Each structure stands twice: as structure tokens, then as C-alpha cells.
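Below are the chains, spelled out letter by letter.
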Amino acid sequence: MAKNKTTETQQNVTDFITTVEDSAKRNDAFELVKIMQETTGFEPKMWGPSIVGFGSYHYKYDSGHEGDAPLAAFSPRKAATTVYFYLPEENRDELLSQLGKHKSSKACIYIKKLTDIDLEILKKIISRSTEYTLNLYPPK
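Here is what the cut-offs are and how they apply
- Residues numbered from 1 in each chain as written.
- Predicted model: local features only at pLDDT ≥ 70, side-chain atom pairs only at ≥ 80, totals over all residues.
- Heavy atoms only, no water.
- Salt bridge = Lys/Arg side-chain N within 4 Å of Asp/Glu carboxyl O.
- Buried < 20%, exposed > 50% of the residue type's maximum accessible area, 1.4 Å probe, protein only.
- Helix = DSSP H or I, 4+ residues; strand = E, 2+ residues; numbered from the N terminus.
- Core = buried A, V, L, I, M, F, W, Y, C linked by side-chain atoms within 4.5 Å.
- Pairing = 2+ DSSP bridges.
- Contact = heavy atoms within 4.5 Å.
- Axes fitted to C-alpha atoms, helices over the stretch in contact; angles between N-to-C directions.

*Asks:* Tell me about the pattern of salt bridges, residues and numbers included.
*Replies:* Under the criterion given, the structure shown has three salt bridges. Note that Asp 116 and Lys 113 form a salt bridge whose closest N and O atoms lie 4.0 Å from each other. Looking at Lys 113, the relative accessible area reads 43%, which means it is partly exposed. For Glu 120, the salt bridge goes to Lys 123, with nearest N and O atoms at 3.2 Å. Here Lys 123 and Glu 120 lie together in helix α4 (residues 119–136), a separation of three residues that amounts to about one turn. For Lys 123, a relative accessible area of 25% gives the class partly exposed.

This is the structure:
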């Protein structure tokens, strides 16, 4: 069975964010830390070299693959900040349509600037994603 590449590390979150070259993206990253910490109630931790995660859950698929992942997370990438989420289809489209200027895939939202989006909708997405994930994979 393949091992997860992205696992929780001991790297310091603040140290990582200060290495983000673009000052606007760096400021957005610090703001996202506050938002996700307040919304989830968890402290930020680094996952792999570039993902800031909050809380964690253990998953196990029918295939037998299992591992740990953050409940909520983001990564300040060069092209856009990626926010990771996990929602059922019926909730996803409604919330994303209200978010503002962004791109999305099945489990990621790509944001150029936080000022482009509605932060209250982002908080709802984070909160509902966290609840949904914990219902799917309850802590033991």
C-alpha cells in the first residue's frame, strides 16, 4: 500500500508563511490562519512542506488505503491560494456560487486574493466541510 506523501510535520507555520514571497499572498495566509483557527477551533500545523492544516481525521477507504489528513487546510501557492474542502455535491455548488471570484475543483478552491471573496461564505464552507468530514470519519 502506498504511503501518504502529505503528513503532519513539526515545521513552524509562521516560519513557513514568512517565506511566501508575495506580500499580499503572505498577508492573506496570516488572515486564513486566523479564520480557520476560529472556525475549526484547532491550532495550525504544517502538513508536508507547504500545507497549513487545522485538526485531523483518520480515513479508511473500501480499497484498504488509509491515512490521516487535516480537517481544514490551505496552501499559499504562486498562482493562487488553495483552500482544501470536502462537501457533498448538493451543498458545494450553492455555497461556491456565493463565494465570489475563485476557481474550484472537486476538493479545492483557488483564490487569487481574499478581497475577491465573501469571507463569511468561506467560513461557512470551512465549517460545513469540517462537520461533514467528522460525520464521515468520526474520531475514535
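Having seen it, we continue.
*Asks:* I'd like a rundown of the nonpolar core, residues and numbers included.
*Replies:* By size, the foremost hydrophobic cluster in this structure holds 27 residues, and its most contacted members are Val 52, Phe 74, Leu 99, Ile 109 and Ile 125. For this core, the secondary-structure elements that each account for two or more residues are α1 (13–18), α2 (23–40), β2 (51–54), β5 (72–76), α3 (89–99), β8 (108–111) and α4. Core analysis: the second largest hydrophobic core is formed by five residues, Tyr 57, Tyr 59, Leu 71 and Tyr 137 among them.

*Asks:* If you had to explain the pairing of strand β6 (residues 81–84) to someone new, which residues and values would you point to?
*Replies:* Each regular strand displays side chains that alternate between the two surfaces of the sheet. Here four bridges tie β5 to β6, and the two strands are oriented antiparallel to one another. If you follow Phe 74 over to β6, its bridge partner there is Val 83. Taking the residues that link successive antiparallel strands as the turn, the β5-β6 hairpin has four residues. Bridge count between β6 and β8: four bridges; the pairing is antiparallel.

*Asks:* Before we move on, can you summarise the sheet that holds β6 with the specific residues and values?
*Replies:* What the six strands build is an open sheet, ordered β1-β2-β5-β6-β8-β7; its pairing is antiparallel. Two strands lie at the open edges of the sheet, namely β1 (44–47) and β7 (103–104), each paired on one side alone. Bridge analysis of β7 against β8 gives two bridges, and the strand direction is antiparallel. The residue bridging Lys 103 from the neighbouring strand is Tyr 110, located in β8. Strands in contact with α2 are β1, β2, β5 and β6; relative to β5, the strand with the most contacts, it is inclined by about 175°.

*Asks:* Account for the pairing of β1, with residues named and values stated.
*Replies:* Pairing geometry for β1 and β2, over four bridges, is antiparallel. Opposite Lys 45, over in β2, you have Gly 53 as the bridge partner. Connecting β1 to the next strand, β2, in antiparallel fashion are three residues, including Gly 48 with a positive phi near 65°.

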